[in-house]
Amino acid sequence: MSKMNIVLFGPPGAGKGTQSKFLIERYGLAHLSTGDLLRAEIQAETPLGKQAQELMSAGELVPDEVVVGMIRNRLTTDTDAKGFIFDGFPRTKAQAEALDNMLGKLGSAINLMLSLEVEEEELVKRLLGRGTTSGRPDDQSEQVVRRRIKEYEAKTALLKDYYAAQGKLRPIKGMGTIAEITGRLAAAIDA
Ligand code: AMP
């Protein structure tokens, strides 16, 4: 069976992490979240974690080489996976090109980019709400939350054009109940 690789895309607070959980279960894919991997490095107090921590708490992106290196590790060790859900990666054009390159070397490719579309004020509300329980420093302040959304608009949103040019972009309405959004994602994958 050929592998299925999905980029689950959207701004911070769009629901990528929440929806990943359902998609992993339904399709048996492995979850690759660079945010989760970076938070694990911070937790373990590694040099990489220390390097990333300041940028993350300011709501800025960490350098491409750092996240590309983490993804390369996973892709080359987790070779039994039926495919991957990329969550929070790629976030720049350089990352997207590196990903195509790495998957190509493994005889694989991205099949779909599912892009969750959510209005900005709803994102701010969700992120600050999550901040009351997530323990994430970058969910605590409105200033940092808005900075993360700005980073997305400036450096990341343009990746929709990158994947649209390959015929892989599927915009998905990201407002509504969690179950409704899961239904829309599954319909796009099953098509
Ligand atoms: P996330 O958990 O996806 O919201 O990511 C949290 C933070 O980790 C981001 O605000 C960035 O500082 C950093 N980060 C996560 N993924 C990436 C990436 N692909 N490129 C650059 N920075 C990232």
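As shown above, the structure is provided for reference.
Residues numbered from 1 in each chain as written. Predicted model: local features only at pLDDT ≥ 70, side-chain atom pairs only at ≥ 80, totals over all residues. Heavy atoms only, no water.

This part covers the site of the ligand. The full set close to the ligand counts 16 residues, and Thr34, Arg39, Glu60, Gly88 and Arg91 are the nearest of them. A distance of 3.1 Å separates a nitrogen atom of the ligand from a polar backbone atom of valine 62. For the ligand, the protein covers 96% of the area, taking 480 Å² as the surface of the free molecule. Of all the cavities here, the one that holds the ligand is the largest pocket. The greatest single-element share of the shell around the ligand, amounting to four residues, is contributed by helix α2 (residues 34–43). (Near = heavy atom within 4 Å. Polar contact = N/O pair within 3.5 Å; in protein donor to acceptor, adjacent residues only side chain to side chain. Areas by Shrake-Rupley, 256 points an atom, 1.4 Å probe, with all protein chains shown as cover. 1 Å grid on protein atoms, 1.4 Å probe; cavity = no way out; pocket = protein on both sides within 12 Å on 5 of 7 lines; lining within 4 Å. Sits in = over half its atoms within 2 Å of the grid points. Helix = DSSP H or I, 4+ residues; strand = E, 2+ residues; numbered from the N terminus.)

This next bit is on the pattern of salt bridges. Scanning all chains against the criterion turns up 16 salt bridges. Two residues, arginine 147 and glutamate 60, come together in a salt bridge whose shortest N-O distance is 3.3 Å. On the criterion of sequence distance, the pair formed by arginine 147 in helix α7 (residues 142–156) and glutamate 60 in the loop between α3 (47–58) and α4 (64–77) is long-range, its members being 87 residues apart. Accessibility expressed as a relative area gives 35% for arginine 147, which makes it partly exposed. For glutamate 60, a relative accessible area of 29% translates into the label partly exposed. (Salt bridge = Lys/Arg side-chain N within 4 Å of Asp/Glu carboxyl O. Buried < 20%, exposed > 50% of the residue type's maximum accessible area, 1.4 Å probe, protein only.)

On their own, these measurements won't tell you what the molecule is for.
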